[in-house]
Amino acid sequence: MRSNDALHLGLMLGALAASYLVPFELLLLAYVVLGPAHYFTEISWLHDRSYYLPHRGIAAVLAIVAVVAALIDNASWFGSAMWGALVVCAMLAATTSAIESMLLFMAAIALSAIMYSSGSSLAVIGILIPTLIHVCLFTLIFMVLGAYRSGSRVQAALVAVYLVAIATILLVPPTAEIRIASFARVGQDYFGNVGPALGRLFGVPGLVLDVRLTSLLAFVYTYHYLNWFIKADVIRWTAVPKARLAAMAGASAVSTALYFYDYAFGFTFLLALSLIHILLEFPLDSLALRQLGSAVHGAVRARFAEPAAASATRSRSTGTKTMKRASRSH
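What you see is a predicted model, and the numbers here were worked out from it, not measured in a lab.

A. Structural context of the overall build of the protein. Assigned secondary structure in the protein consists of 13 helices and zero strands. Going from N to C terminus, the protein has its helices and strands arranged as α-α-α-α-α-α-α-α-α-α-α-α-α. Across its three principal axes, the protein shows a C-alpha extent of roughly 100 × 50 × 45 Å. Expressed as a percentage of its 330 residues, the buried residues of the protein come to 41%. Expressed as a percentage of contacts within the protein between residues at least 6 apart in sequence, the contacts between residues at least 24 apart total 79%. Carbon and sulfur atoms provide 69% of the accessible area of the protein, an area that totals close to 17200 Å². Between the mean site of the 22 positive side-chain charges and the mean site of the 14 negative ones, the protein shows a separation of 22 Å.

B. Region of interest: the environment of Leu-213. Within the secondary structure, Leu-213 sits in helix α10 (residues 211–229). Given a relative accessible area of 7%, Leu-213 falls into the buried group.

C. Fine view of the layout of surface pockets. The space that makes up the largest pocket amounts to roughly 790 Å³. In this structure, the largest pocket is lined by 33 residues; those nearest its centre are Phe-142, Gly-146, Lys-231, Val-234 and Ile-235. If you tally residues by element for the lining of the largest pocket, the top one is helix α6 (residues 121–150), at 10 residues. Across the lining of the largest pocket, the residue classes break down as 16 nonpolar, 11 polar and six charged. Estimated volume of the second largest pocket: approximately 470 Å³. Lining the second largest pocket are 24 residues, and of these Phe-78, Pro-130, Tyr-190, Asn-193 and Leu-271 sit closest to its centre. The set of elements that each furnish at least two residues to the lining of the second largest pocket consists of α3 (57–70), α4 (75–93), α6, α8 (181–191) and α13 (263–329). Of the residues that constitute the lining of the second largest pocket, the class distribution is 17 nonpolar, five polar and two charged.

D. Spatial organisation of unusual backbone geometry. One non-glycine residue, Ser-50, lies in the positive phi region at around 55 degrees. Secondary-structure assignment places Ser-50 in the loop between α2 (23–47) and α3. A positive phi angle, near 60 degrees, is found at Tyr-52, a position not held by glycine. Within the secondary structure layout, Tyr-52 lies in the loop between α2 and α3. Judged by its relative accessible area of 29%, Tyr-52 falls in the partly exposed class.

E. Focus on the side chain of Ser-252. Along the chain, the position of Ser-252 falls in helix α12 (residues 242–261). By relative accessible area, which is 8% here, Ser-252 ends up buried.

F. Fine view of the side chain of His-8. With respect to the helices and strands, the residue His-8 is situated in helix α1 (residues 3–21). The contacts of His-8, once residues within four sequence positions are left out, are Met-143, Leu-158, Tyr-223, Asn-227 and Ile-230.

What counts, and where the lines are drawn
Residues numbered from 1 in each chain as written. Predicted model: local features only at pLDDT ≥ 70, side-chain atom pairs only at ≥ 80, totals over all residues. Heavy atoms only, no water. Helix = DSSP H or I, 4+ residues; strand = E, 2+ residues; numbered from the N terminus. Buried < 20%, exposed > 50% of the residue type's maximum accessible area, 1.4 Å probe, protein only. Contact = heavy atoms within 4.5 Å. Areas by Shrake-Rupley, 256 points an atom, 1.4 Å probe, with all protein chains shown as cover. Lys, Arg positive; Asp, Glu negative; His and termini not counted. Charge placed at Lys NZ, Arg CZ, Asp CG, Glu CD. 1 Å grid on protein atoms, 1.4 Å probe; cavity = no way out; pocket = protein on both sides within 12 Å on 5 of 7 lines; lining within 4 Å. Points joined across faces, edges and corners; volume = space filled by probe spheres on them. Nonpolar A, V, L, I, M, F, W, Y, C, P; charged D, E, K, R; others polar.

The following block contains the structure:
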């Protein structure tokens, strides 16, 4: 096992252990302390890659949409903004022809109509996209892609450990007590809508932000941030001028300090910053989904092609032997 993979495993298990011991405190501290550092460094990294968009100007529009969305009180309108931005980014970054873009647009229109007709679906998607879908599902997608591209069994094992960790939290939830009551209250204020959203999605009435769900959020958020930081040698997000790196460190520290100075204003600021980085990452997320789909399609096609090729080879061999026997009989 490489040292980076060992560190990866250690941080994952450490996040899991902390999510059992102090889930309420970990969730808030990870979001407030690790979050800003992740947001600033990833935006910088995406900027150097033109945000995986055909024009950088589109990124400015996405940032404006994110700021406006952070100020929207209506859950359905917020969900519409998140869903619309994701669809547009997918059309721009993950399609290779006008036909693909049109098909994706038509599929998105159909899904939008279904969500609109079901009433609360747009609100649900608005809650889950910037939370569990972003920090859990897309993290998993990038882990799977990394393991597939490298062909590393160790990285594939890390994917399995990540899934086992999530299953463990869900099946054997922690019984941790709240040590800092104010953290639990703030967590409920700002993450409490995730439970009802999941309940509406999976048809589980009465689902709330209990210890189980808080521990899950604490784990996936903490690991999401740590996973980004330990990939510095792989994707080289630190390969920037020292002045920019220092500016990002300072901005991150100020963001965290702002929260502790006035948590209501600080959280609004962090929410806007978080949404900016999420929307700017949408093109890369869409591209990753396409690449994962292509990888799965290629693997399935290869698996079915091998037996077919072997069968064809046996058929040709049998036919050749039959022709030889026929020619000898004449």
